[in-house]
Amino acid sequence: MSPIAQRFPNRRRFLLGLGLLTQVAAAPKAPIVTVLGDSITAGLGLSAKDALPAQLQAALTKRGVPVIVRAAGVSGDTSGGGLARVGFSVAGDTQVCVVALGGNDLLQGVDPAQTKANLRGILQKLKARGVGVVLVGVAAPPAIGAAYAREFNAIYPSLAREFGVPLYANILSGVSGDASLLQRDGIHPNAGGAKRIADALAPVVAKAVKLRAG
C-alpha cells in the first residue's frame, strides 16, 4: 500500500462512492407516461398494483420499454372534467399522456359535439406543452341510439387524424361483456381485465414513447 493510501485509508472508498454517485446522476431517467382518465384508469375497486397504470408499466417494461406510469384518473370524470384539470394533473415532466376519457360522457348522454370539443381542448393543451399523446376511445353501444352512437364513435378517429396522434379505439375491447374480466357491476375491469387492457394498449404506448425518445 502506498504511503498516501496508508495515511488516508478511506480515500479510495470515498472516491469509489463518488464515482458511483456520478454514474447514477448521469443515468437517464425513465420516461414519464401519465394516464389521464376516469374510474377505469383510476382502478376503481382495485388495489394500486392491480389498476391499469401499474399494469401498463409492467407490460411496457416486459416489452423492453422501461417507463414510469403515473395515474391521473378520477372516478366519475367526464371529458369536461379532464379539460379542467389537465394543466395540473399532467405534470410538466410527462413525455407521453394517455388520454382515456369519454365513458362518463357516454353514460350521461353528453352531446357528442361537446365531448369532442372538450377532448380537442385537452389535446391542444398537451400539444402546446410538447407532450406526446395516445388517444384512447370508448365504444358507444347501438342500444343507446344509432344516431348518437354513430356520432359519438366518430369522435376519436376524427381527433386522432386532426392531431396526428395514435389511437387505441376502445379501452374495453376484449373485456366488455366478459364476466371473467369484469367486476360485479359489469362495467369496471377486475385485475385480469385491467391486465388485458394494459397488454393490448402497451404496444401503442411503446411506439409513442420511442418516437418521443427518438
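Residues numbered from 1 in each chain as written. Predicted model: local features only at pLDDT ≥ 70, side-chain atom pairs only at ≥ 80, totals over all residues. Heavy atoms only, no water.

Enquirer: Go over the side chain of Asp 105 with me, naming the residues and quoting the values.
Expert: Note on placement: Asp 105 falls in helix H6 (residues 103-108). For the buried residue Asp 105, which engages in no salt bridge, the nearest side chain bearing the opposite charge is Arg 85, 11 Å off. Residues within four places of Asp 105 in sequence aside, it is in contact with Thr 78, Ser 79, Val 110, Thr 115, Tyr 148 and Phe 152. (Helix = DSSP H or I, 4+ residues; strand = E, 2+ residues; numbered from the N terminus. Buried < 20%, exposed > 50% of the residue type's maximum accessible area, 1.4 Å probe, protein only. Lys, Arg positive; Asp, Glu negative; His and termini not counted. Salt bridge = Lys/Arg side-chain N within 4 Å of Asp/Glu carboxyl O. Contact = heavy atoms within 4.5 Å.)

Enquirer: So what about the sheet that holds strand S4 (residues 132-136)? Which residues, and what values?
Expert: Here we have five strands laid out as an open sheet, ordered S2-S1-S3-S4-S5, and parallel in their pairing. The open sheet has two edge strands with one neighbour each: strand S2 (68-73) and strand S5 (167-168). Where S4 and S5 come together, two bridges link them in parallel fashion. Residue pairing in the sheet places Leu 135 in a bridge with Leu 167 of S5. The strands touched by helix H9 (residues 155-163) within the sheet are S4 and S5, with S4 carrying the most contacts at an inclination of about 160°. (Pairing = 2+ DSSP bridges. Axes fitted to C-alpha atoms, helices over the stretch in contact; angles between N-to-C directions.)

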